[in-house]
Amino acid sequence: MNLLTKVLLEDVLEAVSKKITAVYGGGFKPPTKGHFDVVKLALEQNPEIDEFIIYVGSGVRNGVSQDESVAIWEIYKNYLSPKVKIEPVKSPIREIYTYTENNPDEEILWVIGARENNPEDITDIASRTKTLDKYPNLQLRVIQVDSTVSGTATRKAVKDNDKEQFFNLIPDVSEKEQIWNMVSSVIQEIL
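Residues numbered from 1 in each chain as written. Predicted model: local features only at pLDDT ≥ 70, side-chain atom pairs only at ≥ 80, totals over all residues. Heavy atoms only, no water.

Here we look at the sheet that holds strand S4 (residues 107-115)
In a beta sheet, neighbouring strands pair by backbone hydrogen bonds and run either parallel or antiparallel. With respect to topology, five strands assemble into an open sheet ordered S3-S2-S1-S4-S5, the strand pairing being parallel. Strands at the two margins of the open sheet, each flanked by one partner only, are strand S3 (84-88) and strand S5 (138-145). Averaged over all adjacent pairs, the angle separating strand axes in this sheet is 25°, with direction ignored. For strand S1 (residues 20-26) and strand S2 (residues 51-56), the ladder comprises six bridges, and the chain directions are parallel. Across the sheet, the residue bridging to Gly26 is Val56, located in S2. Against the sheet, helix H2 (residues 33-45) touches S1, S2, S3, S4 and S5, its axis set at about 120° to S5. Sitting on the sheet, helix H5 (residues 119-128) is in contact with S1, S4 and S5, with an inclination near 155° to S4. (Pairing = 2+ DSSP bridges. Helix = DSSP H or I, 4+ residues; strand = E, 2+ residues; numbered from the N terminus. Axes fitted to C-alpha atoms, helices over the stretch in contact; angles between N-to-C directions. Contact = heavy atoms within 4.5 Å.)

Some details on the environment of Lys18
If you trace the backbone, Lys18 turns up in the loop between helix H1 (3-17) and S1. The partly exposed category is assigned to Lys18, whose relative accessible area is 30%. Sequence separation of Lys18 and Glu106 is 88 residues, and the distance between their C-alpha atoms is 5.8 Å. Setting aside residues up to four positions removed in sequence, Lys18 forms contacts with Asp50, Asp105, Glu106 and Glu107. (Buried < 20%, exposed > 50% of the residue type's maximum accessible area, 1.4 Å probe, protein only.)

Here is the structure:
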């Protein structure tokens, strides 16, 4: 085997053996149908993903805490790939950068959801990814969903005791009633 072939083969083997991790972070207060769809679509569009980490932030919104968000993601996880892992963290964006720094030999796909025709989402993505170019192993994957779902609308449905609307804003899973009970027991007035 000549030297060029050997070098090319080594490069190919290194690329094939490199772990590919997707990271997705947010508050998820609570995780909505839109959030779920982002994970599902990202896995479908990027079958090369070896592991998919969802970082759930520590903030509280209208009484919905990290604990409720993690518990709901654990339910959703049953409807997603076994590659999905849920991690509670203080700051999801900081955790994405830290993971990237600590794993320079991995290819990291930063998954961010965007609602179609929503300029606010594009502005938000731009502000969250300002330092993306500092990390050679980090690539952005924007996953567009055709959804007007938001955490705010989901919390408002609970505050308004509108279970039907709430069920429309979360994934169609058999544990909908359980999720409703989790969120409705903690929701506080929306200001």
